[in-house]
Amino acid sequence: MMLKMQTIKFPTIFFITEEEINLNDLLAKITLPTTGAAAIFTGMVRGVTSRDDPHETAYLEYEAYVPMAEAKMRQVAEEIRSKWSSVEGIAIVQRVGKLYPQTPTVLIACTAAHRDTGVFEAARYGIDRLKEIVPIWKKEVGPDGEFWVEGEYIPKAGE
Amino acid sequence: MAAGQAMWSMNKIKVLFFATLRDRTGMKSVELEVPAGMTVQALKDKLSSDYPNLKESMKTILVSVNKEYSFDEAAIPQNAEVALFPPVSGG
């Protein structure tokens, strides 16, 4: 019973935005009196890629199927909670539109009472799942022209 | 076919296209009347013949019905919002 009451007040934030991602604001919203640790992952546009297929990127253009994307972000947050009961707050935010190198594009943050509770793994799981099931796509534009980046994951029934 | 009969046997759906699929059709969305009970596979076949540019994408396409992932054998419900898109690449 007590655990259930705690679960209810744990903040879960998830949205698609065209605005700049405000890390301080999001972190404040998922920090509770009991919170002592936050694991934050953020990805940004990489202007110069040296691994695999070396190339330069002028900008990325992101789009999302917003209502489904936000529903799937909620699902990712629920999956995190079912795997790491220690997690207190969760924020999952994807920025869309035209984004230039060195600009943050995505943020996954999880908070917990202590750092040794799985909070790092929870944030890692969150970004990995976002890249698998949340309907967002990016078009890469650079000196060699433009092309859509396609993922590889094929969701299964119930995902 | 009588008008009343047509109402029973048809299904008005909205189909959304994203990313490469939108580029290939040149459309963000289209409203279609399809036979009631049409499967996702049958809709993919119909769209491939209506928009030959789509054929190439169809092998790796993902489909959602009412914002949940759906699969070839599934029947499309009445007034569904269907979306077609490539494997996702957010982050």
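Just above sits the structure.
Residues numbered from 1 in each chain as written. Chains lettered and ligands numbered in written order. Predicted model: local features only at pLDDT ≥ 70, side-chain atom pairs only at ≥ 80, totals over all residues.

Check the secondary structure of chain A and you find four helices and 10 strands. Listing every helix and strand of chain A by position from the N terminus yields α-β-α-β-β-β-β-α-β-β-β-α-β-β. Its C-alpha atoms give chain A a radius of gyration of 17 Å, near enough to 15 Å, the size a compact globule of 159 residues would have. In terms of overall dimensions, chain A has C-alpha extents of about 60 × 35 × 30 Å along its principal axes. Buried residues in chain A amount to 31% of all 159 residues. A separation of at least 24 residues holds for 73% of the contacts in chain A among residues at least 6 apart in sequence. (Helix = DSSP H or I, 4+ residues; strand = E, 2+ residues; numbered from the N terminus. Rg over C-alpha atoms; globule rule 2.2 N^0.38 Å. Buried ≥ 20, exposed ≤ 12 C-beta atoms within 10 Å, placed from the backbone. Contact = placed C-beta atoms within 7 Å.)

Attention now goes to the sheet that holds strand S6 (residues 90–95) of chain A. Residue and element names in this part refer to chain A. Read from one edge to the other, the open sheet built from four strands follows the order S1-S6-S8-S2, with strand pairing classed as mixed. Since the sheet does not close on itself, it has two edges, and those belong to strand S1 (12–17) and strand S2 (37–44), each with one partner. Between one strand and the next, the sheet's axes are offset by a mean angle of 5°, whatever the strand orientation. Relative to strand S8 (residues 104–112), S2 runs antiparallel, the two being bridged by eight bridges. Directly across from Gly43, in S8, lies its bridge partner Val106. Contacts from helix H4 (residues 119–133) reach S2, S6 and S8, with the element oriented near 145° to S8. (Pairing = 2+ DSSP bridges. Axes fitted to C-alpha atoms, helices over the stretch in contact; angles between N-to-C directions.)

This part is about unusual backbone geometry. A positive phi angle, close to 55°, is found at Asp52(A), a residue other than glycine. Tracing the backbone through its elements, the reader meets Asp52(A) in the loop between strand S3 (48–49) and strand S4 (55–56). Backbone geometry places Asn66(B), a non-glycine residue, at a positive phi of 50°. Mapped onto the secondary structure, Asn66(B) falls in the loop between strand S3 (62–65) and strand S4 (68–70).

Residues and elements named next belong to chain A. Taking 1.5 Å per residue as the helical rise, H4 with its 15 residues ought to reach 21 Å, and the 21 Å between its terminal C-alpha atoms agrees with that figure. For H4, the set of buried residues is Val119, Ala122, Ala123, Gly126, Arg129, Leu130 and Ile133. Buried residues along H4 cover an arc of 130° about the axis, so they all sit on one side. Looking at the buried residues of H4, the elements they touch are S2, helix H3 (66–83), S6 and S8. (Expected span 1.5 Å × (residues − 1). Arc of directions from axis to C-beta.)

Every contact between the two is made by 28 residues of chain A and, on the other side, 17 residues of chain B. Within the residue set of the side of chain A that touches chain B, elements represented by two or more residues are H3, S8, H4, strand S9 (136–142) and strand S10 (145–149) of chain A. In terms of residue count, the dominant contributor to the side of chain A that touches chain B is H4(A) (four residues). Looking at the side of chain A that touches chain B residue by residue, the classes come out as 18 nonpolar, four polar and six charged. (Nonpolar A, V, L, I, M, F, W, Y, C, P; charged D, E, K, R; others polar.)

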